Structure formats: structure tokens, C-alpha cells
Amino acid sequence: MDGSQLGIFGLEDALRVADEQGLDLVEIAPNGDPVVCRIMDYGKYKYQQEVKAKQARKNQAKIAVKEMKFRPKIDVGDYTTKKNHVIRFLSQGNKVKITIMFRGREMAHPELGLNILEKLADELSDIATIESQPKLEGRNMHMLLAPINTK
């Protein structure tokens, strides 16, 4: 078949034409007046659709959310190490959830955790954007960083 229109046929005639060519009669627009059908190899069509869907899934980017936990009284060396982990996660294309965990009396000074989050966001501003601003939920403060696409 070259895809050209054959005209208006009755159901029996259309089935006969499709059967003569060894193909299937597939209903395209059942609500049309008259109903629109196509003569095609339906098995081959379904296979091609599956191949296209598989290819689309293969090309799909998988973005994971990694988490890095900090404490309000973090030392410079630990902060640097954790910051490097965050940079690695962002360079792999993952989002990173930064969590500051408060314990006991540390809850009296949430500004310490906020300072750490703001400092981290400022230092990573060239490779990441803040997707959700820092917010305090219970004993934890969260912030979500997303990588900047450089493609």
C-alpha cells in the first residue's frame, strides 16, 4: 500500500480488499461519518510502536534526589568534605536535599542552620539553583538544590 485513499467501501468490500492483500482492516476514526479505516499490517504497526516507546524510555533522563545531612556545629573540614559530595551529586545531574539536623538546645538557634544553608547555596551558586528555600520542619531544616543545565 502506498497510503492513498481507496474511497468509500461497505464493510464486506473493505474486508475483502484487506484480505486479498493479506493485511488487516484497522478502524482509525470510529466516530466519523463515514467510519475511517486503514488497510495495514497491524502486527508490524504494534511492533514499531513498542520499539518507539522503548527508545523513548531509553533516552529519558533519570533524576534522583540525593540527601546530605549537616549539623549546626559542623567543623570546616567536615563541611568541605560534605560540600564536595554535594558538588559530585550535582555534577551527575541529581538534585540534592540538604538537611540540617538540630538536637536539644540547638533548636534555640535555628539561625545557625540557616547560615550554613545560605553559605552552601552561595558557594554553589555557579553550579546549582535553590529549588526550595530553607524551611524548618520539626527538628530539621531542609533546602533543595537542583543542578544548572549547561547543555
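Counting starts from 1 at the beginning of each chain's written sequence and moves along it residue by residue. In view of the model being predicted, local features appear only for residues whose pLDDT reaches at least 70, and side-chain atom pairs are presented and counted only at 80 or more, with totals across whole chains, interfaces and linings using the full set of residues. Hydrogen atoms and water are omitted, and side-chain values are computed over all heavy atoms in the structure.

### Some thoughts on the sheet that holds strand β5 (residues 128-137)
Being paired, for any two strands, means DSSP has found at least two bridges between them. By the criteria applied, helices consist of DSSP H or I runs no shorter than four residues and strands consist of E runs no shorter than two, each listed in order from the N terminus. Reading across the sheet, the four strands line up as β3-β4-β6-β5 and stay open at both edges, with mixed pairing between neighbours. The sheet is open, and its two edges are formed by β3 (65-70) and β5, each paired on a single side. The mean angle between the axes of side-by-side strands here comes to 20°, regardless of whether they run parallel or antiparallel. As defined by bridge partners, β3 adjoins strand β4 (residues 95-101) across six bridges and the pair is classed as parallel. Following the sheet pairing, Val-65 is matched in β4 by Lys-95. We call two residues contacting when some pair of their heavy atoms lies within 4.5 Å. Angles run from 0 to 180 degrees between N-to-C directions of axes, and those axes are lines fitted to C-alpha atoms, restricted for helices to the stretch in contact. Each of β3, β4, β5 and β6 (140-147) is contacted by helix α3 (residues 76-91), which is oriented at about 170° to β3, the strand it contacts most. Along the sheet, helix α4 (residues 110-123) makes contact with β3, β4, β5 and β6, crossing β6 at roughly 5°.

### A look at the packing of aromatic side chains
Here a Phe, Tyr or Trp ring, Trp counted by its six-membered ring, pairs with any other such ring whose centre lies within 6.5 Å, and the pair is stacked when the planes are under 30 degrees apart, edge-to-face when over 60, and tilted otherwise. This model, assessed by the stated rule, comprises two aromatic pairs. Sitting over a ring, as applied to charges here, requires NZ of Lys or CZ of Arg to be within 6 Å of the ring centre and within 35 degrees of the ring normal. Its guanidinium or amino end placed over the ring of Phe-70, Lys-82 lies 5.8 Å from that ring's centre, counting from NZ or CZ. Lying over the aromatic face of Tyr-79, Lys-119 brings its terminal NZ or CZ to 4.5 Å of the ring centre.

Take it as geometry only, folks, not as evidence of what the structure does.
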